[in-house]
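Single-letter residue listing:
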Amino acid sequence: MNYLSITDAEHFISSALQAEKVPASDADIIASLMVQSDLVGADGHGIFRLPAYLKRIRAGGVNLNPNIHIEREQGATALINGDNALGHLVMNRAVDLAIEKVKQHSVCWIGSHYGNHSGAASVYVRKLAEQGYIGIYMAVGNANHMAPWGGIDLLLSTNPIAIAVPAGDGPTVLLDIATTVAAYGKVKVAAQKGESIPDDWMIDRQGKPITDPKKSAEGSLLPIGGYKGYGLAVMIGLLAGALNNAAVGKGTIDFNAHHDLVTNTGQTIIAVDPSAFGNTEEFINRVIALVNDLKNSSTLPGVKDIRVPGEGAAKTMAERGERGIPVSPELLEALNACAQECGIPALTF
């Protein structure tokens, strides 16, 4: 396994995007946000996605000179029209607006439509937590990979949700999950590496497990927690899709198959100022107390320690910040194919 430094990864991504006519300032923002997905270990959402993004750009599926603007605004709420921009730019604007509004109103709800895939959800709620706010993110995924509970028609996506709570000097308490047992990006990574997937990730139309990720188009991802995960996916679809006048259900465009079509991706960011509910320092102390209680609780036989949401990501961030991003031979081959197409230097180790 080779490791790519953060600086080199950002430079490579930005160079590739600029070669395809993405403005330099936008390319730098996107590169930084993409690498942040890799930093926390969300390998299916970072630099791995560059070839797919470039395909969409070349096919005319995204607007490289967008007018990302507030379409509707009322009090502590706003709806952003992403004008079919690259998704990282839309969500970057949404987080900036959320920070502006939470300072004014103590709480805010920012919806967006006409966006695109924007990487790991944790990237955006972490930015809010780093400013001292609680952050919540929901989105409709960019392709339907899940059937309704008990059905076979693919009408739902992985519809992720992420929640970040600041914890003082400790790691941000952060949950970032798909409503499916596994995010589809993990299936794509396994397919690229030629690996099998666990038998509880996907089923075919007869309800039998799929373990070959290259056959993923023949089946459905399974929801977390059975019917409860299905229900959660539906509700996120309504709040991030239907509420935002964005694609959901049958209207969802599979961006893996249709690089030239507008996906109208819907996303939602909610920010909360803890000081609206009491002394912020005392709140942080209560967060830390719960984390410590969980960490110090008794374990089952064979369990080494109790983990808290966000702890693993914080550890991965520290390790990859020093060592760099792991790049498999398969990913290196795909990235260097992009480099050749873009006319930029290939990655070497």
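Residue numbers restart at each chain and count upward from 1, following the sequence in its written direction. The predicted origin of the model limits local features to residues at a pLDDT of at least 70 and limits the giving and counting of side-chain atom pairs to 80 or more, whereas totals for whole chains, interfaces and linings rest on all residues. The side-chain values count all of the structure's non-hydrogen atoms but skip hydrogen atoms and water molecules.

A. Representation of helix 7 (residues 227-242) within the structure. Helix numbers and strand numbers start at the N terminus; a helix is a DSSP run of H or I with at least 4 residues, a strand a run of E with at least 2. Between the first and last residue of a helix there are one fewer steps than residues, each counted as 1.5 Å, and that sum is the expected span. Its 16 residues give helix 7 an end-to-end C-alpha distance of 21 Å, which sits within 8% of 22 Å, the value for a rise of 1.5 Å per residue. Only protein chains enter the calculation, and the probe is 1.4 Å; a residue is then buried if its accessible area is under 20% of its type maximum, exposed if over 50%, and partly exposed in between. Looking only at helix 7, the buried set comprises Gly-229, Ala-233, Ile-236, Gly-237, Ala-240 and Gly-241. Down the axis, helix 7 shows its buried residues gathered within 110° of arc, on one side only. Of the exposed residues in helix 7, the ones pointing more than 90 degrees away from its buried face are Tyr-227 and Lys-228. Should any heavy atoms of two residues lie within 4.5 Å, those residues are counted as being in contact. Looking at the buried positions of helix 7, the neighbouring elements they touch are strand 4 (107-115), strand 5 (134-139), strand 6 (161-165) and strand 11 (265-272). The directions from the helix axis to the C-beta atoms are what the arc is built from.

B. Geometry of the packing of helix 1 (residues 6-19) against helix 3 (residues 50-59). Whenever a helix is involved, its axis is fitted only over the stretch in contact; in every case the axis is a line through C-alpha atoms, and angles between N-to-C directions fall within 0 to 180 degrees. Viewed as axis vectors pointing N to C, helix 1 and helix 3 meet at an angle of 15°, and their least axial separation amounts to 11 Å. Comparing the axis directions of helix 1 and helix 3 gives the class roughly parallel. Here helix 1 runs over helix 3; the crossing is right-handed. Every residue of helix 3 that contacts helix 1 at Phe-12, Ile-13, Ala-16 and Leu-17 is listed here: Leu-50, Leu-54 and Ile-57. Classification convention: Asp, Glu, Lys, Arg as charged; Ala, Val, Leu, Ile, Met, Phe, Trp, Tyr, Cys, Pro as nonpolar; all other residues, Gly among them, as polar. By residue class, the composition of the contact of helix 1 with helix 3 is seven nonpolar, no polar and no charged. Roughly parallel means an angle under 35 degrees; roughly antiparallel means over 145; roughly perpendicular covers 65 to 115; every other angle is labelled oblique. In this scheme the handedness of a crossing depends on how the near helix is turned from the far one: anticlockwise by less than a right angle means left-handed, clockwise means right-handed.

C. Structural detail: the sheet that holds strand 11. Following DSSP output, two strands are said to pair if at least two bridges run between them. The strand order 2-3-4-11-5-6-7 describes an open sheet built from seven strands, whose pairing is mixed. Looking at strand neighbours, the two that pair on one side only are strand 2 (69-74) and strand 7 (173-177), the edges of this open sheet. The average undirected angle you get between the axes of adjacent strands in this sheet is 10°. Note that strand 5 and strand 11 share six bridges and pair antiparallel. Bridged to Ala-139 within strand 11 is Gln-267. Against the sheet, helix 4 (residues 87-105) makes contact with strand 2, strand 3 (77-81), strand 4, strand 5 and strand 11, and its axis sits at roughly 160° relative to strand 4, the strand it touches most. Against the sheet, helix 7 touches strand 4, strand 5, strand 6 and strand 11, its axis set at about 95° to strand 5.

D. Up close: unusual backbone geometry. Positive phi, normally seen in glycine, also occurs at Lys-21, with a value near 80°. If you check the backbone angles, Tyr-114 has positive phi at about 55° while not being a glycine. Relative to the helices and strands, Tyr-114 resides in strand 4. A residue is classified by how much of its surface remains accessible, and Tyr-114, at 31% relative accessible area, is partly exposed.

E. Spotlight on a nonpolar patch on the surface. Two joining distances apply to patches: 9 Å for like charges and 5 Å for nonpolar side chains (Val, Leu, Ile, Met, Phe, Trp, Tyr), and every residue must have over 30% relative accessible area and no salt bridge. In this description, accessible areas are obtained by the Shrake-Rupley approach with a 1.4 Å probe, and a residue is regarded as covered only by the protein chains that are shown. One speaks of a salt bridge when a side-chain nitrogen belonging to Lys or Arg is within 4 Å of a carboxyl oxygen belonging to Asp or Glu. Taken together, the side chains of Met-235, Leu-238, Leu-239 and Leu-243 define a hydrophobic patch exposed on the protein surface, amounting to about 360 Å² of accessible area. A relative accessible area of 32% places Leu-239 in the partly exposed class.

Functional significance is not addressed by these values, which are geometric in nature.
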